[in-house]
Amino acid sequence: ALTTTDISAEPEATTATRVQISSLTDQVLRIHLRYHRRSDGTVFPVEINLRSFRRGGQPLAVGVIRDITEQMRAQDQMRRFNEELESKVALRTEQIVAANNEMQALLQSIPDLVMRVNRSGSVLNYQPAKGATPLAGLSEADVVEADSGSAGPLRTLVRTAGEMTRAANAAVVL
C-alpha cells in the first residue's frame, strides 16, 4: 500500500502536514496547492481537503485529493488573456491621447474661430480667432452652455453648426 509520502512530489511538506494533523482534533484542513506524483512519475497539482478526528483515542484523518491541472491551465490562460487585453488597452489609450494632442495642436494653430460640434449639435470645443475678442466676451464654457437652450445669435450659430454636423453625418469645425 502506498503512503501519502509515496504519492507526494513534496514529501517534506506532506510529512509536516501529517504532524500538524495528528495534533488536531475535529478540524478541517484545506491545502490549496500541493504537488503529487502519478505512478508514471509525472507531477501534477492537487487540492487537498482533510478532516481530522479521533477514534478509539487514535488520531485519524479522512481526505479528498482533487487534481486541479485543468483549473490551473484555465487560470493561466485567463491571466494571459488579461495581460494581452491590458496591453491592447494601454496601446489604444496612447493612440487616443496622441490623436487628441495632435487635434488640439491643429485647432490651436488655426487663426480663425473654431467651434467643434458633435453629431447631436452639442459644442465640444470653442476657440476664438487668434487675437480676436471672444464672441461677446464669452469663454469656451459660456459657448458650451449656450448649447443648453439660451436664445440669440450664439444659440443660432450653435444650432446651425449642429444642423451642418447632422447633414454631413460627421463633426463639423467652423
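Here is a short report on the structure shown in this document. Computed from a predicted structure; not experimentally measured.

What counts, and where the lines are drawn
- Residues numbered from 1 in each chain as written.
- Predicted model: local features only at pLDDT ≥ 70, side-chain atom pairs only at ≥ 80, totals over all residues.
- Heavy atoms only, no water.
- Helix = DSSP H or I, 4+ residues; strand = E, 2+ residues; numbered from the N terminus.
- Buried < 20%, exposed > 50% of the residue type's maximum accessible area, 1.4 Å probe, protein only.
- Contact = heavy atoms within 4.5 Å.
- Areas by Shrake-Rupley, 256 points an atom, 1.4 Å probe, with all protein chains shown as cover.
- Salt bridge = Lys/Arg side-chain N within 4 Å of Asp/Glu carboxyl O.
- Expected span 1.5 Å × (residues − 1).
- Arc of directions from axis to C-beta.
- Polar contact = N/O pair within 3.5 Å; in protein donor to acceptor, adjacent residues only side chain to side chain.
- 1 Å grid on protein atoms, 1.4 Å probe; cavity = no way out; pocket = protein on both sides within 12 Å on 5 of 7 lines; lining within 4 Å.
- Points joined across faces, edges and corners; volume = space filled by probe spheres on them.
- Pairing = 2+ DSSP bridges.
- Axes fitted to C-alpha atoms, helices over the stretch in contact; angles between N-to-C directions.

**Observations regarding the overall build of the chain**
Here is step 1 of the chain: For the chain, the helix and strand inventory stands at five helices and six strands.
Here is step 2 of the chain: Element order for the chain, N to C, with α for helix and β for strand: α-α-β-β-β-α-β-β-α-α-β.
Here is step 3 of the chain: Each of the 174 residues in the chain was classed as buried or not, and the buried ones make up 21%.
Here is step 4 of the chain: For the chain, the proportion of contacts with a sequence separation of at least 24, taken over those separated by at least 6, is 34%.
Here is step 5 of the chain: Carbon and sulfur atoms form 56% of the exposed surface of the chain, whose accessible area is close to 11,800 Å².

**Observations regarding the pattern of salt bridges**
Here is step 1 of the chain: Under the definition given, this model contains nine salt bridges.
Here is step 2 of the chain: Close ionic contact of R79 with D76 constitutes a salt bridge, the shortest N to O distance being 2.3 Å. On the criterion of helical spacing, the pair formed by R79 and D76 is a turn pair, its members being three residues apart in helix 3 (residues 69-109).
Here is step 3 of the chain: We classify R79 as partly exposed; its relative accessible area is 40%.
Here is step 4 of the chain: Among the residues examined, D76 registers a relative accessible area of 30% and is labelled partly exposed.
Here is step 5 of the chain: One network of salt bridges, with partners in common, ties together D76, R79, R80 and E83.

**Looking at helix 2 (residues 11-22)**
Here is step 1 of the chain: With 12 residues, helix 2 should cover 16 Å at 1.5 Å per step; its first-to-last C-alpha distance of 16 Å lies within 8% of that length.
Here is step 2 of the chain: Within the sequence span of helix 2, burial applies to T14, T17 and I21. Looking down the long axis of helix 2, one finds its buried residues gathered within 60 degrees of arc, a one-sided arrangement. Exposed and oriented more than 90 degrees from the buried face of helix 2 are E12 and V19.
Here is step 3 of the chain: Residues of helix 2 that are buried in the fold lie against helix 1 (4-7), strand 1 (27-37), strand 2 (43-55) and strand 3 (58-67).

**Looking at the environment of G41**
Here is step 1 of the chain: Looking at the secondary structure, you find G41 in the loop between strand 1 and strand 2.
Here is step 2 of the chain: Expressed as a C-alpha distance, the spacing of G41 and A9, which sit 32 residues apart in the sequence, is 9.2 Å.

**Topic: the environment of R54**
Here is step 1 of the chain: Considering the arrangement of structural elements, one finds R54 in strand 2.
Here is step 2 of the chain: By relative accessible area, R54 is classed as partly exposed at 42%.
Here is step 3 of the chain: Between the alpha carbons of R54 and D26 there is a distance of 7.7 Å; along the sequence they are 28 residues apart.
Here is step 4 of the chain: Beyond its immediate chain neighbours, meaning those up to four positions away, R54 contacts S22, T25 and P59.
Here is step 5 of the chain: A polar side-chain atom of R54 sits 3.3 Å from the main-chain carbonyl oxygen of G57.

**A closer look at the layout of surface pockets**
Here is step 1 of the chain: The computed volume of the largest pocket comes to approximately 390 Å³.
Here is step 2 of the chain: Considering the residues around the largest pocket, the lining is formed by 17 residues, among which T4, R18, I21, L50 and A61 are closest to the centre.

**A word on the pairing of strand 3**
Along any regular strand, the residues point their side chains to alternate faces of the sheet.
Here is step 1 of the chain: Two elements, strand 2 and strand 3, share 10 bridges in a ladder whose sense is antiparallel. Counted as the bridge partner of E47 is R66 from strand 3.
Here is step 2 of the chain: The hairpin formed by strand 2 and strand 3 contains two residues between the paired strands, and G56 there has a positive phi angle of roughly 60 degrees.

**A look at the sheet that holds strand 3**
Here is step 1 of the chain: Spatial ordering of the open sheet is given by 1-2-3, a layout of three strands whose pairing is antiparallel. Among the strands making up the open sheet, the edge pair consists of strand 1 and strand 3. Averaged over neighbouring strand pairs, the angle between their axes works out to 30 degrees when direction is ignored.
Here is step 2 of the chain: Along the sheet, helix 2 contacts strand 1, strand 2 and strand 3; its crossing angle with strand 1, the most-contacted strand, is approximately 165 degrees.
Here is step 3 of the chain: Each of strand 1, strand 2 and strand 3 is contacted by helix 3, which is oriented at about 125 degrees to strand 2, the strand it contacts most.

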